[in-house]
Amino acid sequence: MTDRKPRPRKPARITTGRDGRGPGGDGAAGDARSARSSRGVRGAGHAGGAEGELAGVSRSGLADQLAERLLDEIVAGVYPPDSRLPPEPVLAERAGVSRLTLREAIKDLRQRGVLRVQQGRGTFVNQPDTWAPFDSTVLNARALLESGYELAHELTELRRIVERGIAELAAVRRTDEDLDRMEAAVATMREAWAAQDLDTFSSADVDFHDALLRAAGNAFALTLFHSVDGALRSVRRRTVEENAELAERAIDYHAKIMSAVRRKARRSAGALMDEHLQETEDFTAALAAASSAAAATRAEEDDARTRRRA
């Protein structure tokens, strides 16, 4: 029997303020940072301390962990879009890593569209809509960060384009086990809706579509949707809360789609899926337009205040 190796410590979280000079702010962002601290990270040591303790972890592995920590801080609001990260020596010391490891972490987030480096000015956080669209970790972070509905609308557009064909394939290829998964998802949706458990309802909603996806038996479609699964669940939870009538109608649509799949009625299954997602797409388009208009109004008001001060 071999001794179990101790689990390596992750690099310390970077608890700086938005200007990089002190602890991060309070309120919701502070709560989010507190929640993330439960992952087992303790205070930062000196610049090389954490890496000394992580002797069994490659530098690239440590850089990956640090990139995740930085992304957590961005989602928590410590570094909002277009803000500048603290200088490299400050970040490295507070994270308890070497500057080389920090550079690798920043390079990783640059390649994923999260950060940009401006020569002579520093490293800045990009707007979420420029982040890598099919990187599941980054996409999930974007779903948590965005207050508008542009992402929800874009994901629904993608679903309507693809899922009609998925429903048709599922009707041809489904097995009894696939039908069992669909039935379980619809039953859970009904129970959760009766109890007004929106989290369970939203999860079961996505599970139904996942059951169809598996029944379709297309590996490329499965890979595509699994890369956006977390974001889909987050987005679905928001839309359920915004429109109870549309959410309740989803149960009826799912039951009808399942019936068509059971009968192997390919065209009917595809048409029902198209109708179902068209309703959702129209709703998210209206939400996205409203949130964009509100953001434009706020920007104009901010500009007006700035001009008055000048």
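Just above sits the structure.
Residues numbered from 1 in each chain as written. Predicted model: local features only at pLDDT ≥ 70, side-chain atom pairs only at ≥ 80, totals over all residues. Heavy atoms only, no water.

Comments concerning the packing of aromatic side chains
A complete count under the given rule lists 1 aromatic pair for this structure. Pairing Trp193 with Phe201 gives two aromatic rings, centres 5.1 Å apart and planes at 50°, and the pair type is tilted. Here Arg238 stacks its cationic end above the ring of Tyr149, 4.1 Å away from the centre of that ring. (Phe/Tyr/Trp six-rings, centres within 6.5 Å; stacked < 30°, edge-to-face > 60°. Lys NZ or Arg CZ within 6 Å of the ring centre and 35° of its normal.)

Description of the packing of helix 11 (residues 229-242) against helix 12 (residues 244-262)
In a packed pair of helices, the relevant descriptors are the angle between the two axes and the axis-to-axis distance. The N-to-C vectors of helix 11 and helix 12 enclose an angle of 115°; their axes lie 5 Å apart at closest approach. Contacts from Arg236, Val240 and Glu242 of helix 11 reach helix 12 at Ala244, Ala247 and Ala250. Residue composition of the contact of helix 11 with helix 12, grouped by class: 4 nonpolar, no polar and 2 charged. (Axes fitted to C-alpha atoms, helices over the stretch in contact; angles between N-to-C directions. Helix = DSSP H or I, 4+ residues; strand = E, 2+ residues; numbered from the N terminus. Contact = heavy atoms within 4.5 Å. Nonpolar A, V, L, I, M, F, W, Y, C, P; charged D, E, K, R; others polar.)

A word on the layout of surface pockets
Any empty space left between atoms is shown by rolling a water-sized probe over those atoms. Volume-wise, the second largest pocket comes out at about 250 Å³. In this structure, the second largest pocket is lined by 15 residues; those nearest its centre are Pro86, Pro87, Glu88, Gly122 and Thr123. Elements supplying a minimum of two residues to the lining of the second largest pocket: helix 4 (88-95), helix 5 (99-111) and strand 2 (122-125). No other element matches the 4 residues that helix 5 contributes to the lining of the second largest pocket. (1 Å grid on protein atoms, 1.4 Å probe; cavity = no way out; pocket = protein on both sides within 12 Å on 5 of 7 lines; lining within 4 Å. Points joined across faces, edges and corners; volume = space filled by probe spheres on them.)

Regarding helix 5
Helical periodicity: at 3.6 residues per turn, an α-helix aligns residues three or four positions apart in one direction. End to end, helix 5 covers 18 Å across 13 residues, agreeing with the expected 18 Å (1.5 Å per residue, within 8%). For helix 5, the set of buried residues is Thr101, Leu102, Ala105, Ile106, Asp108 and Leu109. All buried residues of helix 5 fall inside an arc of 155° around its axis, so they share one side. Just downstream of helix 5 lies Gly113, where phi reads positive at about 80°. (Expected span 1.5 Å × (residues − 1). Buried < 20%, exposed > 50% of the residue type's maximum accessible area, 1.4 Å probe, protein only. Arc of directions from axis to C-beta.)

Quick word on the nonpolar core
In terms of nonpolar packing, the biggest core is built from 39 residues, with Leu155, Ile166, Met182, Phe208, Leu212, Ile257 and Val261 touching the most fellow members. Looking at this core, the elements with two or more residues in it are helix 6 (136-145), helix 7 (150-173), helix 8 (176-194), helix 9 (198-216), helix 10 (219-226), helix 11, helix 12 and helix 13 (266-309). Contacts of Leu155, omitting those with residues within four sequence positions, involve Val228, Ala231, Leu232 and Val235. Formed by 25 residues, the second largest nonpolar core is a distinct cluster that contains Ala95, Leu102, Leu109 and Ala141. (Core = buried A, V, L, I, M, F, W, Y, C linked by side-chain atoms within 4.5 Å.)

Let's talk about the side chain of Thr280
Position of Thr280 among the secondary structure elements: in helix 13. The residues touching Thr280, leaving out its near neighbours within four places in the chain, are Thr156 and Leu246.

Observations concerning the pairing of strand 2
With 4 bridges connecting them, strand 1 (residues 115-118) and strand 2 associate as antiparallel partners. Across the sheet, Leu115 pairs through a bridge with Val125, a residue of strand 2. Taking the residues that link successive antiparallel strands as the turn, the strand 1-strand 2 hairpin has 3 residues, and the phi of Gly120 there is positive, at about 85°. (Pairing = 2+ DSSP bridges.)

Section: the side chain of Glu168
In this fold, Glu168 is placed in helix 7. In this structure Glu168 comes out as buried when scored by relative accessible area, which is 18%. The contacts of Glu168, once residues within four sequence positions are left out, are Arg266 and Gly270.

Thoughts on the environment of Glu163
Considering the arrangement of structural elements, one finds Glu163 in helix 7. Remark: the alpha-carbon pair of Glu163 and Asp274, spanning 111 residues in sequence, is separated by 7.7 Å. A polar side-chain atom of Glu163 sits 2.6 Å from a polar atom in the side chain of His209. (Polar contact = N/O pair within 3.5 Å; in protein donor to acceptor, adjacent residues only side chain to side chain.)

Concerning empty space enclosed by the protein
By the definition in use, this model includes 2 cavities of 30 Å³ or more. Within this model, the largest cavity holds a volume of roughly 240 Å³. In this structure, the largest cavity is lined by 22 residues; those nearest its centre are Arg159, Glu163, Val206, His209 and Leu232. Listing elements by their share of the lining of the largest cavity, those giving two or more residues are helix 7, helix 9, helix 10, helix 11 and helix 13. Take the lining of the largest cavity: its biggest share by element is 6 residues, from helix 7. Residues that form the lining of the largest cavity fall into these classes: 9 nonpolar, 7 polar and 6 charged.

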